[in-house]
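Single-letter residue listing:
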Amino acid sequence: WWRPRPTGGVTEEEKAALRAALLRSTGEETLLPIAKQAALTIAKIARIDWPQKWPELLPTILTQIQQGTSDLTRTRSLLVLHTVVKELSARVVGPVRRHLQEASPQVFSFLLSLWQSAHPLALENIFAAETELITLKVMRRLLVYGFSRIDQSADATAFLEQGLGVMQGREGVLIDTPDPNSPPYFA
């Protein structure tokens, strides 16, 4: 019913109202399963309407993340962004891929600054950890599908260098390296 049909369907005015209401209500949803379903609904609509009929989608989501009044609002808006980017990146060919590549540098730059602020707090704050996780998921998709050449983006290369540094710094934490002086586990 969302796509134009000769008989019936949803009018453009109703679509605009539904899109706005979905974006508004998702940030306030306290129940995760409902928030996930709303994010998926937004993503499915975005797959059809973005960018021609819904050009303000990504700027609106970024604004909600930036101006979120609570950790929950920011986290839910990040969930919406993740689901939208995941759905849009599934479009292998066509103008949607090109538009995603055009929007990716701005979105990636915003997410990089968000990741850099959330990363140091991730071990102490559950919302910072969730922000870091979702941000990394979106950035991963953008790195793979949003850039035709990663090496031409200063933010992408900076993130990869910082991420590599973080992984190297946590090597002892992530990988349990045995002490060569300790007795073997299986004697």
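These numbers come from a predicted model, not from an experiment.

Chemist: For the overall build of the chain, give the residues involved together with the corresponding values.
Modeler: Of regular secondary structure, the chain possesses 8 helices and 0 strands. Mapped from its N terminus to its C terminus, the chain presents α and β elements in the order α-α-α-α-α-α-α-α. Put simply, the chain has 187 residues, and 39% of those count as buried. Long-range contacts, defined as pairs at least 24 residues apart, comprise 65% of the intrachain contacts of the chain with a sequence gap of at least 6. Split by element, the accessible area of the chain, about 11200 Å² in all, is 59% carbon and sulfur.

Chemist: Could you give an account of helix H5 (residues 95-118), naming the residues involved and the relevant values?
Modeler: For H5, which comprises 24 residues, the first-to-last C-alpha distance of 33 Å matches the rise-based estimate of 34 Å (1.5 Å per residue) to within 8%. Along H5, the sharpest change in direction is near 40° and occurs at Ser104; proline Pro105 comes one to four residues later.

Chemist: Tell me about the side chain of Arg76, residues and numbers included.
Modeler: Among the structural elements, Arg76 can be located in helix H4 (residues 71-89). In this structure the side chain of Arg76 is engaged in a polar contact, spanning 3.0 Å, whose partner is the backbone oxygen of Thr30. With near-sequence residues (within four places) excluded, Arg76 lies in contact with Thr26, Gly27, Glu29, Thr30, Leu31, Leu32 and Ala35.

Chemist: Please set out the layout of surface pockets residue by residue, giving values where relevant.
Modeler: A water-sized probe, rolled over the atoms, reveals where empty space remains. Of the pockets and cavities examined, the largest pocket occupies roughly 240 Å³. Around the largest pocket, the lining is made up of 13 residues, and of these Trp115, Leu136, Phe159, Gly163 and Met167 lie nearest the centre. Contributing elements (two or more residues each) for the lining of the largest pocket: helix H6 (126-146) and helix H7 (154-169). Sorting elements by how many residues they give to the lining of the largest pocket places H7 first, with 6 residues. Across the lining of the largest pocket, the residue classes tally to 7 nonpolar, 2 polar and 4 charged.

Chemist: Explain the environment of Ala16 to me, using residue names and the numbers behind them.
Modeler: Relative to the assigned elements, Ala16 resides in helix H1 (residues 12-26). Each C-alpha atom of the pair Ala16 and Lys53 lies 8.9 Å from the other, and the pair is 37 residues apart in sequence.

Chemist: Outline the pattern of salt bridges, listing residues and values.
Modeler: Applying the stated rule across the entire model yields 8 salt bridges. Notably, a salt bridge pairs Arg74 with Asp71, separated by 2.5 Å at the nearest N-O pair. Linking Arg74 with Asp71, this pair stays in helix H4, spanning 3 residues, or about one helical turn. Overall, Arg74 belongs to the partly exposed group, its relative accessible area being 25%. Among the charged side chains, a network of salt bridges with common partners joins Glu12, Lys15 and Lys53.

Chemist: Go over the packing of H4 against H6, please, and point to the residues and values.
Modeler: Between H4 and H6, whose axes approach to 10 Å, the crossing angle comes to 20°. Relative to H6, H4 is oriented roughly parallel. Both H4 and H6 take part in a crossing whose hand is left-handed. Between H4 and H6, the residues in contact are Asp71, Leu72, Thr75, Leu78, Leu79, Leu81, His82, Val85, Lys86 and Ser89 and Phe127, Glu130, Thr131, Ile134, Thr135, Lys137, Val138, Arg141, Leu142 and Tyr145, respectively.

About the thresholds
Residues numbered from 1 in each chain as written. Predicted model: local features only at pLDDT ≥ 70, side-chain atom pairs only at ≥ 80, totals over all residues. Heavy atoms only, no water. Helix = DSSP H or I, 4+ residues; strand = E, 2+ residues; numbered from the N terminus. Buried < 20%, exposed > 50% of the residue type's maximum accessible area, 1.4 Å probe, protein only. Contact = heavy atoms within 4.5 Å. Areas by Shrake-Rupley, 256 points an atom, 1.4 Å probe, with all protein chains shown as cover. Expected span 1.5 Å × (residues − 1). Bend = angle between axes of the 7 residues up to and from the residue. Polar contact = N/O pair within 3.5 Å; in protein donor to acceptor, adjacent residues only side chain to side chain. 1 Å grid on protein atoms, 1.4 Å probe; cavity = no way out; pocket = protein on both sides within 12 Å on 5 of 7 lines; lining within 4 Å. Points joined across faces, edges and corners; volume = space filled by probe spheres on them. Nonpolar A, V, L, I, M, F, W, Y, C, P; charged D, E, K, R; others polar. Salt bridge = Lys/Arg side-chain N within 4 Å of Asp/Glu carboxyl O. Axes fitted to C-alpha atoms, helices over the stretch in contact; angles between N-to-C directions. Parallel < 35°, antiparallel > 145°, perpendicular 65-115°, else oblique. Left-handed = near helix turned anticlockwise from the far one by under 90°.

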